[in-house]
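Coordinate inspection notes
Here's the letter readout for the chains.
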Amino acid sequence: MYLTPQHILLAGASGLTGEHLLDRLLNEPTVTRVLAPSRRPLAEHPHLENPVGDPAVFLPQLSGPVDLAFCCLGTTIKQAGSEAAFRAVDLDMVVAFAKRAREMGARHLIVISAIGADPKSSIFYNRVKGEMEEALKAQDWPQLTIVRPSLLLGERLEPRLAEQLAGPLSRLIPGKYHGIEVCELARAMWRLALEEQDGVRVVESDELRKLGK
């Protein structure tokens, strides 16, 4: 069974994956409104609403209704500056965004997590991602899709050295640890948005690459 979303809420539209996903959404004939709050202005489009500023300020002010929500929020500890700042984005902000999306009427949330996400992991990054997943499950979404991509392959405005070094190697690794192009991830997320089913679905990177072909 397939759902045709009309009004979409998107977080993280100025990021690497979010930019690709936003472009796809704005070119879909079934999408009549994309509400995409961001810290910096996005390119104008007749179907795009783009509140600009501090998410902590304007998140409660967002108005709906929306049918579907995408969350592409994410940073690194280096970019954030500390573990606490990283947690504030990749856990607290994601959970707050999801809560507001649910209040606005969204019944399906598609969120980017990470390969290896586990709330009991000894690796801080994976542990926070796992805690985020558990927090979203506790919100009791009618439909929650968690995508766990491996290393993202694409051109960032601000390149990440670790990704630049690991990118070529990740293309050689088989299975779910093989790197994934951000355009493939965006296509996969849109295809997952069109599938209507109840409950939680976790989609690993190898399946995402197949869906994004």
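All residue numbers refer to position in the chain's written sequence, counted from 1. Owing to the predicted nature of the model, reporting of local features is limited to residues with pLDDT of at least 70; listing and counting of side-chain atom pairs is limited to 80 or more, with chain, interface and lining totals taken over all residues. Water and hydrogen atoms were dropped before computing side-chain values, which therefore reflect all heavy atoms in the structure.

1. Some details on the overall build of the chain
This is how the line gets drawn: A run of H or I in DSSP becomes a helix once it reaches four residues, and a run of E becomes a strand once it reaches two; helices and strands are each numbered from the N terminus. With a 1.4 Å probe rolled over the protein chains alone, any residue whose accessible area is under 20% of its type maximum counts as buried; one over 50% counts as exposed, and the rest are partly exposed. Contacts are residue-level and defined by heavy atoms, with any inter-residue pair within 4.5 Å sufficient. In this description, accessible areas are obtained by the Shrake-Rupley approach with a 1.4 Å probe, and a residue is regarded as covered only by the protein chains that are shown.
The helix and strand inventory of the chain stands at eight helices and nine strands. Put simply, the chain has 213 residues, and 48% of those count as buried. A fraction of 70% describes how many contacts in the chain between residues 6 or more apart in sequence connect residues 24 or more apart. A total of about 10300 Å² of accessible surface is found on the chain, and carbon and sulfur atoms cover 54% of it.

2. Remarks on the confidence of the model for the chain
Our working rule: Each residue carries a pLDDT value, the predictor's own confidence for that position, ranging from 0 to 100.
Of the residues in the chain, 88% have a pLDDT of 70 or more, and the chain-wide mean is 89. Low pLDDT, under 50, characterises residues 159-167; the stretch is placed with eleven contacts to residues that sit more than four places away or in other chains.

3. So, the sheet that holds strand E5 (residues 108-112)
Cut-off, in case you're wondering: Two strands pair if DSSP finds at least two bridges between them. Orientation is described by lines fitted to C-alpha atoms, with helices fitted over the stretch in contact, and by angles between N-to-C directions that extend from 0 to 180 degrees.
Taken together, the seven strands give an open sheet; going across it, the order is E3-E2-E1-E4-E5-E6-E9, and neighbouring strands pair in parallel fashion. In this open sheet, the two strands that pair with only one neighbour each are strand E3 (48-49) and strand E9 (199-204). Along the sheet, helix H7 (residues 182-193) makes contact with strand E1 (7-11), strand E4 (68-71), E5, strand E6 (143-148) and E9, crossing E5 at roughly 160°.

4. Focus on the pairing of E1
Rules: When the strands point away from the viewer, a crossover counts as right-handed if the path from the first strand over the helix to the second runs clockwise.
Most of E1 sits out of view: four of its five residues are buried. Of the pairings in the sheet, the one linking E1 to strand E2 (residues 33-35) comprises three bridges and is parallel in character. Considered in E2, the bridge of His7 is made with Arg33. Since E1 and E2 lie parallel, the crossover through helix H1 (residues 16-26) that links them has a hand, and here it is right-handed.

5. Some points on the pattern of salt bridges
Here is the rule: The term salt bridge refers to a side-chain nitrogen of Lys or Arg lying within 4 Å of a carboxyl oxygen of Asp or Glu.
This structure, assessed with the given rule, holds 14 salt bridges. In this structure, Arg24 engages Glu28 in a salt bridge whose closest nitrogen and oxygen atoms are separated by 3.7 Å. Classification of Arg24 by relative accessible area gives partly exposed; the value is 28%. Looking at Glu28, the relative accessible area reads 17%, which means it is buried. Notably, a salt bridge pairs Arg33 with Glu49, separated by 2.7 Å at the nearest N-O pair. Linking Arg33 in strand E2 with Glu49 in strand E3, this pair joins segments that are 16 residues apart in sequence. Overall, the relative accessible area of 12% leaves Arg33 in the buried class. By relative accessible area, which is 38% here, Glu49 ends up partly exposed. Here the salt bridges share partners, and the residues they tie into one network are Lys99, Arg100 and Glu103.

6. A look at the environment of Val202
Summarising the element assignment, Val202 is placed in strand E9. Note: C-alpha distance between Val202 and Val111 (91 residues apart in sequence) is 9.9 Å.

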